[in-house]
Every structure is written in structure tokens, then in C-alpha cells.
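# What the coordinates show
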Amino acid sequence: MPIIAPSILAADFANLQADISMINESAADWIHVDVMDGVFVPNISFGMPVIKAMKKHAKKPLDVHLMIVEPERYLENFKEVGADILTVHLEASTHLHRTIQQIKALGMKAGVAINPHTSISLLKDIAADLDLVCLMSVNPGFGGQKFIENTYAKTSELAALLKATKSTAKIEIDGGVNQDNAAKLIAAGADVLVAGNFVFSATNPKEVMQKLKALA
Ligand code: DX5
Ligand code: ZN
């Protein structure tokens, strides 16, 4: 069964506690937390104080996706505010291997995210060190965008690379995930489905998550 990670970016920021309680009671496995700095991506979301406040109520692991430049400057801060899984972008990290080791040394699971145009082959020498690879299926920066179809092929290619490198990393798909592409993504090798708008714009978000969970 896939791991379901609703993206809090699509929640009601004026009432995060209500949406976190809803997630606590749902089939969701993780809470996906999108941090944007307005430099790596053309949008700013929220930072440490908001994550710290969310952590107080969350009963599920925080899957923190950093869309920021120089992520290595803030690893300890994200640990302190409650990140359980910390994902940095390959495109934003010059010394990726060191950054990954530091995330693990702090006691968090370590992930690498790649943009839609970034080749899977660039993960070859880091794959065995990772707990998670996040494939962006939209250009990062905004929720509610259209899923990029090339992601299916990338998912299969990544699954093959992880096998070849004996990596146990999970494959996470982030952006535009919905009922039309989820089953095909799981068939291609996806382990984790992030869903923002598909969950939070639904009349019954819990039912939507339950259906995604039951897909495979
Ligand atoms: C995009 C974020 C995603 C976003 C997904 O930059 O990384 O996690 O919240 O939202 P949807 O599911 O609406 O595309
Ligand atoms: Zn994300």
C-alpha cells in the first residue's frame, strides 16, 4: 500500500490545527510540509515557527520538503522544530553527500528531491545513501499545478536505479497527484504519494486519502 502524504500547503493556514487534527484521524501516513524561500522557487510559504506550531498537534511524521537555497545552513533548525524526514533539492545543494550525512547524523531520514528537468542518472552516486527520493511531477513553487506525464517514465527509471544501486530509498511523487495518475504511479514504482489540492479541495478529504491508500 502506498504511503499517503497530504501537503499542508493546501490547508487552511488560518486554522492549521483543524486540518492537522483531520489528518491525525485519517488514513494519511505522513504530513508533507513545503518550505519555500522565494529564491530557489518563486514563492514563499512558511518557516520554522509555523512548523514548530504544527508539530505540537501532529501525530504523524513531518515530511519536510525544502525548496530553499543553501539548505545546509538550516538542518539543525529543522530538526529542532520537529522534522522527521528532511528532503533537500539536488539543484540547491553543492555538497549534497555531506548534507545528506549531516541530516542523518541529526537523527532524521534524508531525502533528495529533483526537478522535472533533472535527470535520474544524477542520483547514481548518492542513491545508496538516501531514505527517500522525491520526484517533482510539477515545477516546484505552487500547489494545484498540472501533473507532468514524463513522471511515469522517470519513476520506472528511478526504480531500476535504486535496484541497481541496492538502495532502499522510497520513491515519492510530488505535484498534481490525483485519482487519474495515482494507480499508474504506484504501478511504475512509487511508494509515497504527496497530494495537496486533490485532498484539501475535496468535500471529504478523509475519504479521498482512504481511496488513495487503498489503490494498491
Ligand atoms: C510544490 C510542492 C507540492 C505541492 C503539491 O512545489 O512541493 O508538495 O504542495 O500540491 P498539489 O498536490 O496541489 O500539486
Ligand atoms: Zn512538496
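Everything here concerns the structure above.
Okay, so let's go over this structure. (Residues numbered from 1 in each chain as written. Chains lettered and ligands numbered in written order. Predicted model: local features only at pLDDT ≥ 70, side-chain atom pairs only at ≥ 80, totals over all residues. Heavy atoms only, no water.)

Moving on to the coordination of the zinc ion (ligand 2). Taken together, the protein ligands of the zinc ion (ligand 2) are His32 (NE2), Asp34 (OD), His65 (ND1) and Asp174 (OD), with distances of 2.0 to 2.3 Å. Coordination at the zinc ion (ligand 2) comes from six donor atoms whose angles at the metal span 70 to 171 degrees, giving a geometry best classed as octahedral. Going along the chain, you hit the donors of the zinc ion (ligand 2) in the pattern H-x1-D-x30-H-x108-D. Per residue, the accessibility class of His32 equals that of Asp34, and both read buried. (Donors = N, O, S within 2.8 Å, 3.2 Å for Na, K, Ca; no water. Tetrahedral: all angles 85-135°; square planar, octahedral: opposite > 155°, others 65-115°. Buried < 20%, exposed > 50% of the residue type's maximum accessible area, 1.4 Å probe, protein only.)

In this fold, Asp129 is placed in the loop between β5 (109-114) and β6 (132-136). One buried charged side chain, Asp129, makes no salt bridge at all; its nearest oppositely charged neighbour is Lys104, positioned 4.7 Å away. In terms of polar contacts, Asp129 uses its side chain to reach the side chain of Gln101, at 3.4 Å. (Helix = DSSP H or I, 4+ residues; strand = E, 2+ residues; numbered from the N terminus. Lys, Arg positive; Asp, Glu negative; His and termini not counted. Salt bridge = Lys/Arg side-chain N within 4 Å of Asp/Glu carboxyl O. Polar contact = N/O pair within 3.5 Å; in protein donor to acceptor, adjacent residues only side chain to side chain.)

Here strand β4 (residues 85-89) lies mainly inside the structure; five of its five residues are buried. Handedness of the strand β3 (residues 62-67)-helix α3 (residues 75-81)-β4 crossover: right-handed. The pairing of β4 with β5 spans five bridges and is classified as parallel. In the strand pairing of β5, Ile85 is matched with Lys109. Between β4 and its parallel partner β5, the chain crosses via helix α4 (residues 96-105), and the hand of that crossover is right-handed. (Right-handed = clockwise from strand over helix to strand, strands pointing away. Pairing = 2+ DSSP bridges.)

Attention shifts here to the pairing of strand β1 (residues 3-6). By the alternation rule, side chains of β1 split into Ile3 and Ala5 and Ile4 and Pro6, which are all buried. Relative to strand β8 (residues 192-195), β1 runs parallel, the two sharing four bridges. Across the sheet, Ile4 pairs through a bridge with Leu193, a residue of β8.

It is worth spelling out the packing of aromatic side chains at this point. Each aromatic ring pair is described using two quantities: the centre-to-centre distance and the angle formed by the ring planes. Within the structure shown, the criterion is met by two aromatic pairs. Judged by centre distance (5.7 Å) and plane angle (75 degrees), the rings of Phe13 and Phe46 are edge-to-face. Residue Phe13 is located in the loop between β1 and α1 (16-24), and its partner Phe46 is located in the loop between β2 (31-36) and α2 (48-55); the two are separated by 33 residues in the primary sequence. Phe13 sits in the partly exposed class, given a relative accessible area of 42%. On the basis of relative accessibility, which here comes to 10%, the residue Phe46 falls in the buried class. With a centroid separation of 5.2 Å and 55 degrees between ring planes, the pair formed by Phe147 and Tyr152 is classed as tilted. Each member of the pair, Phe147 as well as Tyr152, is classed as buried. (Phe/Tyr/Trp six-rings, centres within 6.5 Å; stacked < 30°, edge-to-face > 60°.)

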